[in-house]
Amino acid sequence: MANYITLLRFLLTFVAVYAILNSQNLLAFVVILLGAISDWLDGGLARIKNEVSKLGILLDPLVDKIFVISILSTYLYLQKVSIYAFILLVIRELYISFLRSLSVEKSYPMPASYLGKLKTAVEFITLILLALGSPMSGIFLWFAVVLAYISALDYTLKFLKL
């Protein structure tokens, strides 16, 4: 069930991008909020129902990256986010994906850390603020960048301990 919720978040990506590009801010807000709720729900549900799987451990962060980067890309296209913050986040996500690939080779799927989850939560808050047109979105985006690199350091240190 948890993986189906994750896949729903993947599909919501396209609805959110459509809504943003067509200035349907209320729809964008609702879809982004649903995406954030689904991210919280899938992990919690997997733990409660004891459905935590290697697929879920890998799929959830991948779909989070697709959701966040796609929506941020759309706001970047509309010139509503800093290109520097965007590039820094994309570089971090590519690095973490590379690190996860290396860790899978060592039979360690590298589940999301507390810092990684916090970073993702701040990214979702940023997306919600962008959908609402809040001037606070820029501050939250840079906060997400800082958390992204702190969590990247944390993941790197965990990987090096393998």
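See the structure above.
Analysis parameters
The residue numbering used here restarts from 1 in each chain and proceeds along that chain's sequence as written. Only residues with pLDDT of at least 70 are given local features in this predicted model, and only at 80 or more are side-chain atom pairs given and counted; all residues enter the totals for whole chains, interfaces and linings. Only hydrogens and water are set aside when side-chain values are computed; all heavy atoms of the structure are taken into account. Grouping into patches uses exposed residues only, defined as over 30% relative accessible area, and leaves out salt-bridged ones; the cut-off is 9 Å for like charges and 5 Å for nonpolar side chains (Val, Leu, Ile, Met, Phe, Trp, Tyr). The Shrake-Rupley method, run with a 1.4 Å probe sphere, supplies the accessible areas, and residue values consider only the shown protein chains as cover. The salt bridge criterion pairs a side-chain nitrogen of Lys or Arg with a carboxyl oxygen of Asp or Glu, the two atoms within 4 Å. Helix numbering and strand numbering both begin at the N terminus, where a helix is a DSSP run of H or I of at least 4 residues and a strand a DSSP run of E of at least 2. We call a residue buried when its accessible area falls under 20% of the maximum for its residue type, exposed when it is over 50%, and partly exposed in between, using a 1.4 Å probe and counting protein chains only. Here a helix's expected span is defined as the number of its residues, less one, multiplied by 1.5 Å. Note on contacts: a residue pair is in contact if any heavy atoms of the two residues lie within 4.5 Å. We call two N or O atoms a polar contact when they sit within 3.5 Å, provided that within protein one can donate a hydrogen and the other can accept it, with sequence-adjacent residues counted only if both atoms are side-chain atoms. As a rule, the C-alpha atoms of each element are fitted with a line to give its axis, helices using only the stretch in contact, and angles between N-to-C directions run from 0 to 180 degrees. For classification, angles of less than 35 degrees are called roughly parallel, those exceeding 145 degrees roughly antiparallel, those between 65 and 115 degrees roughly perpendicular, and all remaining angles oblique. Here a crossing is taken to be left-handed if its near helix is turned anticlockwise relative to the far helix by less than a right angle, and right-handed if that turn runs clockwise. Each residue receives one of three labels: charged for Asp, Glu, Lys and Arg, nonpolar for Ala, Val, Leu, Ile, Met, Phe, Trp, Tyr, Cys and Pro, and polar for the others, Gly being one of them.

(A) Representation of a nonpolar patch on the surface within the structure. Nonpolar side chains collect at one region of the surface, where I83, Y84, I87, L88, I91, W142 and Y149 lie side by side and expose about 670 Å² of accessible area between them. Looking at the nonpolar patch, the elements that each hand over two or more residues are α4 (83–105) and α6 (137–161). Tallying contributions element by element places α4 first for the nonpolar patch, with five residues. Considering the arrangement of structural elements, one finds I87 in helix α4.

(B) Just the pattern of salt bridges, in detail. This model, assessed by the stated rule, comprises nine salt bridges. For R9, the salt bridge identified is with D64, shortest N-O distance 3.0 Å. Placement of R9 in helix α1 (residues 2–21) and of D64 in helix α3 (residues 54–77) is noted, with a sequence separation of 55 residues between them. Residues R9 and D64 agree in their burial class; the two are buried. A salt bridge links K158 to D154, with the nearest nitrogen and oxygen atoms 3.3 Å apart. Taken together, the positions of K158 and D154, both in helix α6 and four residues apart, correspond to about one turn of that helix. By relative accessible area, which is 36% here, K158 ends up partly exposed. Among the charged side chains, a salt-bridge network with shared partners connects R9, D39, D42, D60 and D64.

(C) Looking closely at α3. Along its 24 residues, α3 runs 35 Å from first to last C-alpha, staying within 8% of the 34 Å computed at 1.5 Å per residue. Looking one or two residues past α3, Q79 carries a phi angle of roughly 60 degrees, positive in sign.

(D) Here's a closer look at α4. Between its first and last C-alpha atoms α4 spans 33 Å; for 23 residues at 1.5 Å apiece the expected length is 33 Å, and the two agree. Within the sequence span of α4, burial applies to A85, F86, L89, R92, E93, I96, L99, R100 and S103. Elements that come into contact with the buried residues of α4 comprise α3, α5 (114–132) and α6. The N-cap residue of α4 is S82: its side-chain oxygen and the backbone nitrogen of Y84 are 3.2 Å apart. Backbone geometry just downstream of α4 places S107 in the positive-phi region, at approximately 65 degrees.

(E) Main features of the packing of α5 against α6. Remark: α5 packs on α6, axes separated minimally by 8 Å, with the N-to-C direction vectors making an angle of 165 degrees. On the basis of the axis angle, α5 is roughly antiparallel to α6. For α5 against α6, the interelement crossing comes out left-handed. Facing L115, G116, L118, K119, V122, E123, I125, T126, L129 and L130 of α5, the residues of α6 in contact are S137, F140, L141, F143, A144, L147, A148, I150, S151, D154 and Y155. Split into classes, the residues belonging to the contact of α5 with α6 amount to 14 nonpolar, four polar and three charged.

Remember that the coordinates give geometry; whether it matters functionally is a separate question.
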